[in-house]
Amino acid sequence: MPDAMYNPFMDTITGNVTEYDSSRGVFTMVTADGRRFEEGLTGDTAAELLRNLDEPYADASGHLAEMLAPGRHLIAYGVFYPEQGGFTFEAKRLVFLGRDVGDYNFEKSTWWINQINSLAHFYRRAQFGSGPIDYRDYRTIIRLGGDKTDSHVQETDTISRMVYGMASAYMLTGNEEYLEVAERGTQYLRDHMRFVDPDNDIVYWYHGIKVEGDREEKLFTSEFDDDYDAVPMYEQIYALAGPTQTFRITGDRRIRSDIDHTMRLFENHFRDHEGGGYYSHVDPIRLSPHADALGYNKSRKNWNSVGDHAPAYLINAFLATGEPVFAEMLERTFDTIVARFPDYDNSPFVNERFFADWSPDHGHSWQQNRAVVGHNLKIAWNLMRMHAYRPKDEYQKLASHIASIMPPVGSDRQRGGWYDVVERVLADRQRWYRFAWHDRKAWWQQEQAILAYLILFGSLGGEDLQRESRQAEAFYNTFFLDHDEGAVYFNVLANGMPYLLGTERLKGSHSMSMYHSAELCYLSAVYNNLLITKQPLTLWFKPRADADRTLRVAPDLLPSGRVRLDKVEIDGKPHEVFDSTAMTVELPGSPDDLTVKVQLVPAG
């Protein structure tokens, strides 16, 4: 047998306080998996209250005696000293999640609204400074502090993702500048990244453009390694994310036309009308998913090509319009997920990549037979959204199964947070599902966990679901918020410390813009306020003069009868023509854009 681990090391423990012995200067915590840790206080143990972006440090070091009360949810960072046949843990940093036992700062009605406001301010400054909003200056690559690089490739998806974030920030804050950034970005996408094919009556979107002075070079196919020289479905999907969220606010008919024509691209060239689902890639010449030039992407389907429609644009398009065509595609998509993705006889994780006949593809590129933890959680979250609109037992059953099976295999039960990519099956004599590359935790996968457990708890109740949502929110808000430079970190180490190497050091990259962090803020505000803490929520809209005169203001697909529209103001004046249950507002005719402020409240 090799010698036991010997060197001291620093690590994180998250759990609930069970007892505090002031005479010995120690307290005991129990982690999510039921393990007990005795933790010592030292003369220099620092304690603080959890704080939001742009909030000052709140020291709690002088209040340990009253705050280390039984039941307190606490995050401790300290040193493990292997000694005396076991170990001693000395806490160096304590983070209290609220002032009292049972208090969680992130459940305050303004927490997520303030956070998205800070995010929007960061990206507005990073991309455009304090001057005019000019997308010719936009950069895909943004350094840690918001500085730009010399690279002047503008990727369609990162612009769209920032547009989504700015539109969402406007909806929660009413800040007109954020809407201006969203609208100018949408127009820039339409002018520079959109290709209109009148012969086939479709729209598709360039991967991006390379800008050199007044000259721009169109990049039709993807530059990303896994999709190189192909047109991947997910890039076309996310090109719609920002414009569609903007459409919810403004009702811009030009955006609606782009949505319809891009969906026609999906139906005509990506959809498998016989076998179901959507192919992941088409070639740039014939727009065929079966071209030999696609290599290992030929005739393949994956999670992104099937499931990402719903959160990226399709649910938001349906919320804005109520159109049956969007509802039909949503239902067909979720039926496909329920039928094709689970593989619970072999693994606690779903399959993610498939051949044309839906047999699993376990040899594809980097993925092999591996699971992206966040994709499982994303399925649970979006199934519950669809279940709220069109209840089906199989939707709730699968969502609940994922919620129950995932924590032991995909989350960190000692430190908190959710892992990235793991092997889908255990080898002989293995207890832990092996990490594909590392044990780091990505910001977007924490988002999926938070939203999944928030909507599950808000819809179904249950202490286990509430505990998981709070643990995910606690880890994210403790470790991912960058209080020095602004916005959120891409990745943290398993213990929560920021990982700042390579592309994971950046605040803007091929993978990261404002989308996931803003989506988290927007929907956490919706789920927490309206379903869980039962507090009002204010949303802002600005329909154009030529927009449809029925404005739909439902914040998301939520359980029937749980939310109602309570108050409406138009241009600062009370407006009484609205349907409280359907959450629709009948707009007056106007030659100008209207500013509509609505208050939504829990019902019942």
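Remember, it's a predicted structure, so these values are computed and weren't measured experimentally.

Caption draft 1: Focus on the overall build of the chain. For the chain, the helix and strand inventory stands at 15 helices and 25 strands. In terms of overall dimensions, the chain is globule-like: its C-alpha atoms have a radius of gyration of 24 Å, near the 25 Å expected for 604 residues. Seen along its three principal axes, the alpha-carbon backbone of the chain occupies a region of about 80 × 60 × 55 Å. In the structure as shown, the chain presents an accessible area of about 23,800 Å², 47% of it carried by carbon and sulfur atoms. Separation between the mean location of the 63 positive side-chain charges and that of the 88 negative ones in the chain comes to 1 Å.

Caption draft 2: Representation of the pattern of salt bridges within the structure. Tallied over the entire structure, the rule returns 43 salt bridges. Across the pair Lys301 and Asp272 runs a salt bridge whose closest N-O atoms are separated by 2.8 Å. Here Lys301, found in strand E13 (residues 300-302), pairs with Asp272, found in the loop between helix H7 (253-270) and strand E12 (281-282); they are 29 residues apart in sequence, far enough to count as distant. The same class applies to Lys301 as to Asp272, namely buried. Connected through shared salt-bridge partners, Asp11, Asp412, Arg415 and Lys441 make up one network.

Caption draft 3: Examining the environment of Phe578 more closely. With respect to the helices and strands, Phe578 occurs in strand E23 (residues 578-579). Judged by relative accessible area, which is 24%, Phe578 ranks as partly exposed.

Caption draft 4: Here's a closer look at the nonpolar core. In terms of nonpolar packing, the biggest core is built from 166 residues, with Tyr135, Phe266 and Tyr527 touching the most fellow members. Top contributing element to this core by residue count: helix H15 (residues 515-532), with 12 residues. Discounting chain neighbours no more than four positions away, the residues touching Tyr527 are Trp381, Arg385, Leu451, Leu454, Ile455, Ile532, Asp556 and Leu558. Counting 18 residues, the second-largest nonpolar core is a separate cluster that includes Ala47, Leu49, Ala60 and Leu64.

Caption draft 5: View of the sheet that holds strand E19 (residues 537-541). Judged by pairing direction, the sheet is antiparallel, and its 4 strands sit side by side in the order E19-E25-E21-E22 without closing on themselves. Two strands in the sheet have a free side with no partner beyond their single neighbour: E19 and strand E22 (573-574). One ladder, built from 2 bridges, connects strand E21 (residues 563-570) with E22; its direction is antiparallel. The residue of E22 that forms the bridge with Glu569 is Pro574.

Caption draft 6: Seen up close, the pairing of strand E1 (residues 9-21). Note that E1 and strand E4 (residues 73-83) share 8 bridges and pair antiparallel. Each residue of the ladder has a partner; that of Phe9, found in E4, is Phe80. Pairing of E1 with strand E2 (residues 26-30) involves 5 bridges; the strand directions are antiparallel. Considered in E2, the bridge of Tyr20 is made with Phe27. Hairpin geometry of E1 and E2 is characterised by an intervening segment of 4 residues between the two adjacent antiparallel strands and by a positive phi of about 70° at Gly25.

Caption draft 7: Broad picture of the packing of aromatic side chains. If you walk through the whole model with that rule in mind, you get 32 aromatic pairs. When the centroid spacing of 5.0 Å and the interplanar angle of 70° are considered together, the rings of Phe341 and Phe354 count as edge-to-face. Of the two residues, Phe341 sits in the loop between helix H10 (324-340) and strand E14 (353-355) while Phe354 sits in strand E14, which places them 13 residues apart along the sequence. Side by side, Phe341 and Phe354 carry an identical accessibility label, which is buried. Between the aromatic rings of Phe475 and Phe480, the centroid separation amounts to 6.3 Å while the plane-to-plane angle is 65°, which identifies the pairing as edge-to-face. For the pair Phe475 and Phe480, one class covers both residues: buried. In this structure an aromatic cluster arises from ring pairing among Phe9, Phe37, Phe80, Phe87 and Phe89. Sitting over the ring of Tyr279, Lys301 keeps its end group 5.2 Å from the ring centre. Across the ring face of Tyr499, the terminal group of Arg440 is positioned such that the distance to the ring centre comes to 3.8 Å.

Caption draft 8: How the structure looks around the sheet that holds E2. Read around the closed barrel, the 5 strands follow the order E1-E2-E3-E5-E4; overall the barrel is mixed. Put simply, the sheet's adjacent strands are angled 55° from each other on average, direction ignored. Contacts from helix H14 (residues 463-479) reach E1, E4 and strand E5 (86-96), with the element oriented near 75° to E4.

Caption draft 9: Looking closely at a negative patch on the surface. On the surface, Glu183, Asp571, Asp592 and Asp593 cluster together into a negatively charged patch. With respect to the helices and strands, Glu183 occurs in helix H4 (residues 176-192). The exposure class of Glu183 is partly exposed, given its relative accessible area of 31%.

Caption draft 10: Quick look at helix H9 (residues 309-321). When the local axis directions of H9 are compared, the greatest deviation, roughly 30°, occurs at Ile315. Burial runs high along H9: 13 of the 13 residues are buried. At the exit of H9 stands Gly322, carrying a positive phi of roughly 70°.

Caption draft 11: Quick peek at unusual backbone geometry. At Asp54, a position not held by glycine, the phi torsion is positive, near 70°. Residue position: Asp54 is located in the loop between strand E3 (36-49) and helix H1 (64-67). A relative accessible area of 66% places Asp54 in the exposed class. Of note in this structure, Lys534 is not a glycine but carries a positive phi near 60°. Relative to the elements of secondary structure, Lys534 occurs in the loop between H15 and E19.

Caption draft 12: Summary view of the packing of H7 against H10. Running from N to C, H7 and H10 cross one another at 40°; their axes reach a closest spacing of 13 Å. In this view, H7 runs oblique relative to H10, as classed from their interaxial angle. Judged by the sense of rotation from one axis to the other, the crossing of H7 with H10 is left-handed. Contacts between H7 and H10 pair Arg256, Ile259, Asp260, Met263 and Glu267 from the former with Phe326, Met329 and Arg332 from the latter. Its residues assigned to classes, the contact of H7 with H10 shows 4 nonpolar, no polar and 4 charged.

Rules used in this analysis
Residues numbered from 1 in each chain as written. Predicted model: local features only at pLDDT ≥ 70, side-chain atom pairs only at ≥ 80, totals over all residues. Heavy atoms only, no water. Helix = DSSP H or I, 4+ residues; strand = E, 2+ residues; numbered from the N terminus. Rg over C-alpha atoms; globule rule 2.2 N^0.38 Å. Areas by Shrake-Rupley, 256 points an atom, 1.4 Å probe, with all protein chains shown as cover. Lys, Arg positive; Asp, Glu negative; His and termini not counted. Charge placed at Lys NZ, Arg CZ, Asp CG, Glu CD. Salt bridge = Lys/Arg side-chain N within 4 Å of Asp/Glu carboxyl O. Buried < 20%, exposed > 50% of the residue type's maximum accessible area, 1.4 Å probe, protein only. Core = buried A, V, L, I, M, F, W, Y, C linked by side-chain atoms within 4.5 Å. Contact = heavy atoms within 4.5 Å. Pairing = 2+ DSSP bridges. Phe/Tyr/Trp six-rings, centres within 6.5 Å; stacked < 30°, edge-to-face > 60°. Lys NZ or Arg CZ within 6 Å of the ring centre and 35° of its normal. Axes fitted to C-alpha atoms, helices over the stretch in contact; angles between N-to-C directions. Patch = residues over 30% accessible without salt bridge, like charges linked within 9 Å, V, L, I, M, F, W, Y side chains within 5 Å. Bend = angle between axes of the 7 residues up to and from the residue. Parallel < 35°, antiparallel > 145°, perpendicular 65-115°, else oblique. Left-handed = near helix turned anticlockwise from the far one by under 90°. Nonpolar A, V, L, I, M, F, W, Y, C, P; charged D, E, K, R; others polar.

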